[in-house]
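Here's the letter readout for the chains.
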Amino acid sequence: MKTFFKFLQKLLKSISPKFLQDMMYTCEHVAYLLSQSDQLSLKQKFMLKLHQMICPPCQNVTKQIEIINSKTKLMTEVDLTPEQKLKIKKGHSDLLKKLSK
Amino acid sequence: MNFSSDEFFERLLNREEAAINLLLESYNEQLFKVALKKNLSDDQAEEAVQSTWITFFEKIENFQRKSHIRTYLFGILINKIREIWRSNAKYTEDRQDYLENLYDDTGHYINKPKSPDNWLQSKQLAIIMNEEINKLPENQKMAFLLKEVDGEKTEDICKILDISSTNLGVLIYRAKNTLRVKIEKRLNG
């Protein structure tokens, strides 16, 4: 299966027109775009997919970045403990005394 | 309540208790959570938040109201967090540039990145990620955490960090790819 995909990639690369090959992104450019994936234009998304189809290292980088993104999402929610809530409440009343005239 | 109104701002300038209370109710917990998500301890988060409010009211007369009060408050908090990072050995930056020599002259990888299939099975991944986020250079770490963990808008992050959107893009690129390279090194050998 892997050999078949490699063959397909080579074939795609060899039959793509010269102008398309010239337009192809480099791995460095792909890495940059992957880190800003929520702000890409349609053209950028298309060129990114095209590069990923023929570049196994960038396929791995894509997966790596996806894992980092998904793990980061788990860090977005903070459930406050009762002690932390108490700290906030106490801080609130201390500040109110300190700051108001 | 419209926090951007002249009337509310006037009440804050006069240190009116009800106005201050309203502002604290709206943002005190948010600020605390943001501080916690920057890997601060409870005490450090409390310290950062308290001194944010004090600085906010000390400098309120200088606040030109070009941005929303929330953005201004967050900007102060971010500086307080940076001060804590700098004073704490736990947050020592790793200054090595891991993206140097990653690509050849044509922009392709010199050492091909490996498949991360084993990453998800690793019980260490979350710990490693946390450690490596802590070691990122300060600007990259702050940009990464504000964008990816706090989910702040690009426009607001640029105001808070006083950088352009292009600059922010570069910081996020460098942060994510440094993390990627370092996690790969630790998990794929």
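The notes below deal with the structure included here. (Residues numbered from 1 in each chain as written. Chains lettered and ligands numbered in written order. Predicted model: local features only at pLDDT ≥ 70, side-chain atom pairs only at ≥ 80, totals over all residues. Heavy atoms only, no water.)

## Quick notes on the nonpolar core
Next up, step 1: Within the largest apolar cluster, 64 residues are counted, with the highest numbers of intra-cluster contacts made by B:L23, B:W53 and B:I69.
Next up, step 2: With 10 residues, helix 2 (residues 17-36) of chain B is the single largest residue contributor to this core.
Next up, step 3: If near-sequence neighbours (up to four positions away) are discounted, B:W53 is found in contact with A:L95, A:L99, B:L23, B:L24, B:Y27, B:N28, B:L31 and B:L73. (Core = buried A, V, L, I, M, F, W, Y, C linked by side-chain atoms within 4.5 Å. Buried < 20%, exposed > 50% of the residue type's maximum accessible area, 1.4 Å probe, protein only. Helix = DSSP H or I, 4+ residues; strand = E, 2+ residues; numbered from the N terminus. Contact = heavy atoms within 4.5 Å.)

## Here we look at empty space enclosed by the protein
Next up, step 1: Taken as a whole, this structure holds one cavity of 30 Å³ or more when the rule is applied.
Next up, step 2: Approximately 60 Å³ is the volume found for the largest cavity.
Next up, step 3: In terms of lining residues, the largest cavity is bounded by A:K87, A:I88, A:G91, A:L95, B:N28, B:F32, B:E46, B:V49 and B:Q50.
Next up, step 4: Secondary structure elements with two or more residues in the lining of the largest cavity: helix 6 (82-99) of chain A together with helix 2 and helix 3 (42-58) of chain B.
Next up, step 5: For the lining of the largest cavity, the leading source of residues is helix 6 of chain A, giving four residues.
Next up, step 6: The residue makeup of the lining of the largest cavity, split by class, is four nonpolar, three polar and two charged. (1 Å grid on protein atoms, 1.4 Å probe; cavity = no way out; pocket = protein on both sides within 12 Å on 5 of 7 lines; lining within 4 Å. Points joined across faces, edges and corners; volume = space filled by probe spheres on them. Nonpolar A, V, L, I, M, F, W, Y, C, P; charged D, E, K, R; others polar.)

## What about unusual backbone geometry?
Residue and element names in this part refer to chain B.
Next up, step 1: In this structure, N39 is a non-glycine residue whose phi angle is positive, near 65°.
Next up, step 2: In the Ramachandran plot, D162 falls in the positive-phi region, its phi being about 55° despite a non-glycine side chain.
Next up, step 3: Along the chain, D162 falls in the loop between helix 7 (154-161) and helix 8 (165-188).

## Quick look at the interface of chain B and chain A
Next up, step 1: At the interface, 53 residues of chain B touch 36 residues of chain A.
Next up, step 2: Summed over both sides, the interface of chain B with chain A buries roughly 4,300 Å², with 67% coming from carbon and sulfur.
Next up, step 3: At the boundary of chain B and chain A, one finds three salt bridges.
Next up, step 4: A salt bridge links B:K147 to A:D38, with the nearest nitrogen and oxygen atoms 3.1 Å apart. (Buried area = accessible area lost by both parts, 1.4 Å probe. Salt bridge = Lys/Arg side-chain N within 4 Å of Asp/Glu carboxyl O.)

## Notes on the packing of aromatic side chains
Next up, step 1: Taken as a whole and judged by the stated rule, the model has nine aromatic pairs over all chains.
Next up, step 2: Between A:Y32 and B:Y173, the aromatic rings sit 5.5 Å apart at their centres with planes inclined by 55°, giving tilted as the arrangement. Of this pair, A:Y32 sits in helix 3 (residues 27-34) while B:Y173 is found in helix 8, placing the two residues in two different chains.
Next up, step 3: B:Y173 gets classed as buried once you look at its relative accessible area, which sits at 9%.
Next up, step 4: With a centroid separation of 5.0 Å and 90° between ring planes, the pair formed by B:F56 and B:F57 is classed as edge-to-face. Each member of the pair B:F56 and B:F57 is classed as buried.
Next up, step 5: Here the aromatic residues B:F9, B:W53, B:F56, B:F57, B:F63 and B:Y72 are joined through ring pairs into a cluster of three or more.
Next up, step 6: Directly above the aromatic system of B:F74 lies the positively charged group of B:R70, at a separation of 4.2 Å from the ring centroid. (Phe/Tyr/Trp six-rings, centres within 6.5 Å; stacked < 30°, edge-to-face > 60°. Lys NZ or Arg CZ within 6 Å of the ring centre and 35° of its normal.)

## Focus on the side chain of B:N39
Residues and elements named next belong to chain B.
Next up, step 1: Relative to the helices and strands, N39 is located in the loop between helix 2 and helix 3.
Next up, step 2: Within the structure, N39 has its side chain in polar contact with the side chain of N134 (distance 3.0 Å).
Next up, step 3: Dropping the residues within four chain positions of it, N39 is found in contact with K90, Y91, N130 and N134. (Polar contact = N/O pair within 3.5 Å; in protein donor to acceptor, adjacent residues only side chain to side chain.)

## Focus on helix 5 (residues 56-73) of chain A
Along an α-helix, residues three or four positions apart point the same way, because every turn accommodates 3.6 residues.
Next up, step 1: With 18 residues, helix 5 of chain A ought to run about 26 Å at 1.5 Å a step, and its terminal C-alpha atoms sit 26 Å apart, in line with that.
Next up, step 2: What helix 5 of chain A keeps buried is the set A:P57, A:C58, A:N60, A:V61, A:T62, A:Q64, A:I65, A:I67, A:I68, A:N69 and A:T72.
Next up, step 3: Buried residues along helix 5 of chain A sit in contact with helix 3 and helix 4 (42-54) of chain A together with helix 5 (125-135), helix 6 (138-149) and helix 8 of chain B. (Expected span 1.5 Å × (residues − 1).)

## A closer look at the environment of B:I78
Next up, step 1: Structurally, the position occupied by B:I78 is in helix 4 (residues 69-87).
Next up, step 2: Not counting residues within four places of it along the chain, the set of residues in contact with B:I78 comprises B:K38, B:M142, B:L146, B:I160 and B:L161.

## Concerning the packing of helix 2 of chain B against helix 4 of chain B
All names here are of chain B.
Next up, step 1: Helix 4 packs onto helix 2 with a crossing angle of 35° between their chain directions and a minimal axis gap of 11 Å. Handedness of the crossing formed by helix 2 with helix 4: right-handed. The residues of helix 4 that touch helix 2, namely those facing L23, Y27, Q30, L31, V34 and A35, are I69, R70, L73, F74, L77 and I81.
Next up, step 2: Among the residues making up the contact of helix 2 with helix 4, the classes are represented as 10 nonpolar, one polar and one charged. (Axes fitted to C-alpha atoms, helices over the stretch in contact; angles between N-to-C directions. Left-handed = near helix turned anticlockwise from the far one by under 90°.)

## Brief notes about the pattern of salt bridges
All names here are of chain B.
Next up, step 1: Evaluation of the coordinates by the stated rule reveals 21 salt bridges over all chains.
Next up, step 2: Among the ionic pairs, R86 bridges to E138, the shortest N-O distance being 2.7 Å. Of this pair, R86 sits in helix 4 while E138 sits in helix 6, placing them 52 residues apart in sequence.
Next up, step 3: We note a salt bridge from K176 to E148, for which the minimum N-O separation is 3.4 Å. One end of the pair, K176, is in helix 8; the other, E148, is in helix 6, and 28 residues separate them in sequence. The exposure classification of K176 matches that of E148, with both residues buried.
Next up, step 4: Residues joined in a network through salt bridges with shared partners are D94, E131, E132, K135, K182 and R186.

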